[in-house]
Amino acid sequence: MKARIDFHIHSCLSPCASLDMAPRTIVARAKAAGIDCLALTDHSCTENLPAFHDACVEIGIDCLYGLEASSAEEVHVLCLFDDLEQAMTFGSMVYNHLPDRPVDPKLFGDQPVVTVDEEILRLVPRLLNTGTDISFFDLVPMALDAGALCIPSHIDRETCGAVSHLGFLPDLPYDAVEVVGTIDSDIARRWPVVRFSDSHYPEQIACRFTEIETESFTVPALRAAFNDLLLK
């Protein structure tokens, strides 16, 4: 089947995202925009994934469960699972590798964990949009070993992209690489290239998406679908 996917979306939990990005709002917007499968990828924390799961079931849309982890070099990496429990376990590990730096609500806003009905359960105390103590060269195999799809985020951006922060794109077994603009054809021959919205506000959802042919929205099926995107 042909499918539109958007696998880079932040909820109100991410300090750089709007508080309007409640899980139900995200899912409803994605459904209305024609997205067939989406993923929630908050910074280094997975605690809004249960509400996201409930919203996807309620509205009727396929999803993956993810996070955007930040390496010690502050390179962002999308880690995407087809199993909620696996995602929560990996997310807890990543969170524990963040520095014990409290978030300043005056600078970054609150980081609320919410229910599907937007009830605030608690506020996450550590600042989420900062680097962990895990090297990029360790983070990628850790994500793959945990069963995730591993996609370096916006590799062509000057902020938090692999090329700008490391000086090059290391030769590692990514499932794909996310880009925002044009990309060198040599990279597109080595790794599948995807484009996602990196939404922080409701109106950004599906502003960029990728079309694939896939049998299902499992990690193995998506890995195979991504391989079909390689330049020949």
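Everything discussed here concerns the structure shown above.
Keep in mind that what you see is a predicted model, and the values were worked out from it rather than measured.

Draft legend 1. Inspection of the sheet that holds strand β2 (residues 37-43) at higher detail. Taken together, 6 strands build an open sheet; the order of strands is β7-β4-β3-β2-β1-β10 and the sheet is mixed. The sheet terminates laterally at β7 (149-152) and β10 (210-213), the two strands that pair on one side only. Averaged over all adjacent pairs, the angle separating strand axes in this sheet is 25 degrees, with direction ignored. Both strand β4 (residues 76-81) and β7 contribute to a ladder of 4 bridges, which runs antiparallel. Across the sheet, residue L80 finds its bridge partner in β7, namely L149.

Draft legend 2. The packing of helix α1 (residues 23-32) against helix α2 (residues 49-59), seen in detail. At a minimum axis separation of 8 Å, α1 and α2 run at an interaxial angle of 40 degrees. In terms of their interaxial angle, α1 and α2 are classed as oblique. Where α1 crosses over α2, the two elements pack in a sense that is right-handed. Taken together, the residues of α2 that come into contact with α1 (itself represented by P23, R24, V27, A28 and K31) are A51, F52, A55, C56, E58 and I59. Tallied by class, residues from the contact of α1 with α2 come to 8 nonpolar, no polar and 3 charged.

Draft legend 3. Representation of the side chain of H76 within the structure. Within the secondary structure, H76 is located in strand β4. Side chain to side chain, H76 and E68 meet in a polar contact 3.3 Å long. Setting aside residues no more than four positions away along its own chain, H76 makes contact with H43, E68, A69, S70, P152, S153, H154 and C160.

Draft legend 4. Structural context of the nonpolar core. Counting 46 residues, the largest nonpolar core has L38, F52 and C79 as the members making the most contacts within it. Dropping the residues within four chain positions of it, F52 is found in contact with P23, V27, L38, A39, L40, C63, L64 and Y65. Counting residues in hydrophobic clusters, the runner-up holds 19 residues, among them L64, L78, L80 and A225.

Draft legend 5. Spatial organisation of the packing of α2 against helix α3 (residues 84-96). Where α2 meets α3, the closest approach of the two axes is 11 Å, and the angle between their N-to-C directions is 160 degrees. By the angle class used here, α2 and α3 are roughly antiparallel. By crossing handedness, the relation of α2 to α3 is classed as right-handed. Residue-level inspection shows L49, P50 and H53 of α2 in contact with α3, the latter providing L84, A87 and M88.

Conventions we followed
Residues numbered from 1 in each chain as written. Predicted model: local features only at pLDDT ≥ 70, side-chain atom pairs only at ≥ 80, totals over all residues. Heavy atoms only, no water. Pairing = 2+ DSSP bridges. Helix = DSSP H or I, 4+ residues; strand = E, 2+ residues; numbered from the N terminus. Axes fitted to C-alpha atoms, helices over the stretch in contact; angles between N-to-C directions. Parallel < 35°, antiparallel > 145°, perpendicular 65-115°, else oblique. Left-handed = near helix turned anticlockwise from the far one by under 90°. Contact = heavy atoms within 4.5 Å. Nonpolar A, V, L, I, M, F, W, Y, C, P; charged D, E, K, R; others polar. Polar contact = N/O pair within 3.5 Å; in protein donor to acceptor, adjacent residues only side chain to side chain. Core = buried A, V, L, I, M, F, W, Y, C linked by side-chain atoms within 4.5 Å. Buried < 20%, exposed > 50% of the residue type's maximum accessible area, 1.4 Å probe, protein only.

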